[in-house]
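# Inside the fold
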Amino acid sequence: MDAGALGRTLMHEHVVNVNAEVDRDQPAMSLGGRRAEVLAEVVTALQAVVDAGISTFVDATAVGHGRDVGFLAEVNRQVDLHIVVATGVYTFDELPKMFHYRPRGGRDALTELFVRDIRDGIAGTEVRAGIIKVATDRQGVTPDVDRLLRAAAAAHRETGVPLTTHTAVAHRTGLDQQRILAEEGVDLSRVVIGHSGDSTDLDYLREILDRGSLIGADRFGLYLPGRLGPDERIGVVADLCALGYSDRIVLSHDKTLYSDWWADGKGPQVPEWVHTHISTDVLPALRKRGVDDRMIEQMMVDNPRRVLGTTGAY
Ligand SMILES: [Zn+2]
């Protein structure tokens, strides 16, 4: 589709996270036992997102996190929302065993997978990945995470599809990601360093921004004990906008509508942690903190369009 039509975009969300083997083999323990019910719930929730003025939703669910493109396609037949699907691998330490003995020198088997997801489509559908997801958490850059970052960089350069990441701000892993991606020749302005909004450390955030990447202030609503609350998250975004960084920030919730991480599929219940929170609460609060309409347009429309709409191998 034309990137100009993306409109207001949530850059890091999830619809469903489902372990495919357990779902296939013991569906009563997983989505399979409730598929029709969850589909109806998801359609209702995403229609509310559309009604709140959002027109594009990046589903950052990669391999290892329980991606289900068939489910997304069913949802998309009922809700008029552009859903951008991810490729990539979600791991904090080791890669799945199927990659351990496959080629890593030359063209990595991971790169092969990502490029297939981007060029050929996923799960026999015509749905092709529009973003590449990688993760670096408290374990840091383990040997497999290092390999993953470099393989993702190769797929990015081969296809032009952008990169988005999971980080652990307490361990400043966004900087590790930038270093490795830059070593692999990645233009860091094509990378969203995700979960950066979990930090109030302006020095850390500005270091990432000054190297050219975008940051994701992408966990609005996740106001759990031990994590930042709304005022801190909004304050950091407002401060960075005042410093001139509104052209490098994207906003999102990192909320999943059904996840098999929890027996009930729902996970922690925070009233604000819904996909309409930014539209209804966060944007007005940012305006009160001096973030003007132009900056909001940048964070919600222009920056996502630039990230998702810049194409071409290099
Ligand atoms: Zn996420």
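Below or above, wherever it landed, is the structure these notes cover.

The rules behind these values
- Residues numbered from 1 in each chain as written.
- Predicted model: local features only at pLDDT ≥ 70, side-chain atom pairs only at ≥ 80, totals over all residues.
- Heavy atoms only, no water.
- Helix = DSSP H or I, 4+ residues; strand = E, 2+ residues; numbered from the N terminus.
- Rg over C-alpha atoms; globule rule 2.2 N^0.38 Å.
- Buried < 20%, exposed > 50% of the residue type's maximum accessible area, 1.4 Å probe, protein only.
- Contact = heavy atoms within 4.5 Å.
- Donors = N, O, S within 2.8 Å, 3.2 Å for Na, K, Ca; no water.
- Pairing = 2+ DSSP bridges.
- Right-handed = clockwise from strand over helix to strand, strands pointing away.
- Polar contact = N/O pair within 3.5 Å; in protein donor to acceptor, adjacent residues only side chain to side chain.
- Axes fitted to C-alpha atoms, helices over the stretch in contact; angles between N-to-C directions.
- Parallel < 35°, antiparallel > 145°, perpendicular 65-115°, else oblique.
- Left-handed = near helix turned anticlockwise from the far one by under 90°.
- Core = buried A, V, L, I, M, F, W, Y, C linked by side-chain atoms within 4.5 Å.
- Salt bridge = Lys/Arg side-chain N within 4 Å of Asp/Glu carboxyl O.

## Description of the overall build of the protein
A tally of helices and strands in the protein yields 10 helices and 10 strands. Against the compact-globule benchmark of 20 Å for 314 residues, the protein has a radius of gyration of 18 Å, which places it among compact chains. In terms of overall dimensions, the protein has C-alpha extents of about 50 × 45 × 40 Å along its principal axes. Burial statistics for the protein: of 314 residues in total, 55% are counted as buried. Considering only contacts within the protein whose residues lie at least 6 apart along the sequence, 78% involve residues at least 24 apart.

## Topic: unusual backbone geometry
Residues other than glycine seldom take positive phi values, yet A123 does so here, at roughly 60°. With respect to the element layout, A123 can be found in the loop between α4 (109–119) and β5 (131–136). According to the relative accessible area criterion, A123 is exposed, its value standing at 66%. The backbone of R172 sits at a positive phi, close to 50°, despite the residue not being glycine. By relative accessible area, which is 33% here, R172 ends up partly exposed.

## As for the coordination of the zinc ion
Six octahedral donors around a metal ideally sit at 90 or 180 degrees from one another, while four tetrahedral donors ideally sit at 109.5 degrees. All of the protein donors around the zinc ion are H12 (NE2), H14 (NE2) and D254 (OD); their distances to the metal are 2.1 Å. For the zinc ion, the donor residues sit on a single chain with the sequence spacing H-x1-H-x239-D. With H14 in the loop between β1 (9–13) and β2 (16–17) and D254 in the loop between β9 (249–251) and β10 (258–259), this residue pair connects regions lying 240 residues apart in the sequence. For H14, a relative accessible area of 1% corresponds to the buried category.

## Points about the pairing of strand β8 (residues 214–217)
Residues in a regular strand point their side chains to alternate faces of the sheet. Because side chains alternate across β8, one face comprises the buried residues L214 and G216, and the other comprises I215 and A217, equally buried. Where strand β7 (residues 191–193) and β8 come together, two bridges link them in parallel fashion. Residue pairing in the sheet places V192 in a bridge with L214 of β8. Regarding the hand of the β-α-β motif, the stretch spanning β7, helix α7 (residues 202–210) and β8 is right-handed.

## A look at the environment of Y90
Among the structural elements, Y90 can be located in the loop between β4 (82–88) and α4. Given a relative accessible area of 15%, Y90 falls into the buried group. Sequence separation of Y90 and K288 is 198 residues, and the distance between their C-alpha atoms is 37 Å. If we ignore the near neighbours within four places in the chain, the residues touching Y90 are A62, V63, G64, H65, K133, A135, H166 and W261.

## Some remarks on the side chain of T111
The topology assignment puts T111 in helix α4. At 3.0 Å, the side chain of T111 forms a polar contact with the backbone oxygen of A151. Beyond its immediate stretch of four places on either side in the chain, T111 contacts A151, A154, A155 and E158.

## With respect to the packing of α4 against helix α5 (residues 143–159)
The N-to-C vectors of α4 and α5 enclose an angle of 40°; their axes lie 8 Å apart at closest approach. Between α4 and α5, the crossing angle belongs to the class labelled oblique. Considering only the axes of α4 and α5, their crossing is right-handed. Counted together, A109, L110, T111, F114, V115, I118 and R119 of α4 and R147, L148, A151, A152, A154, A155, E158 and T159 of α5 form the full contact between these two elements.

## Here we look at the side chain of T159
Locating T159 in the fold gives a position in helix α5. On the basis of relative accessibility, which here comes to 16%, the residue T159 falls in the buried class. From its side chain, T159 meets the backbone oxygen of A155 in a polar contact 2.7 Å long. Look past the residues within four positions of T159 in its chain and what remains in contact with it is V115, I118, R119, G312 and A313.

## Focus: the nonpolar core
Ranked by internal contacts, the top residues of the largest apolar core, which has 82 residues, are L46, L251 and L286. Here the element with the most residues in this core is α5; it accounts for seven residues. Those residues within four positions of L286 in sequence are excluded, and the remaining contacts are I234, V237, A238, L251, V291 and M299. Judged by nonpolar contacts, the second largest core, of 12 residues, contains L6, V192, V307 and L308.

## What to know about the pattern of salt bridges
Per the counting criterion, the structure on display carries 30 salt bridges. Across the salt bridge formed by R150 and D146, the nearest N and O atoms sit 2.9 Å from each other. Here D146 and R150 lie together in helix α5, a separation of four residues that amounts to about one turn. The residue D302 makes a salt bridge to R294 at a minimum N-O spacing of 3.0 Å. Within this structure, R107, E112, R116, R119 and E158 form a network of salt bridges that share partners.

None of the figures reported here should be taken as evidence of function without further support.
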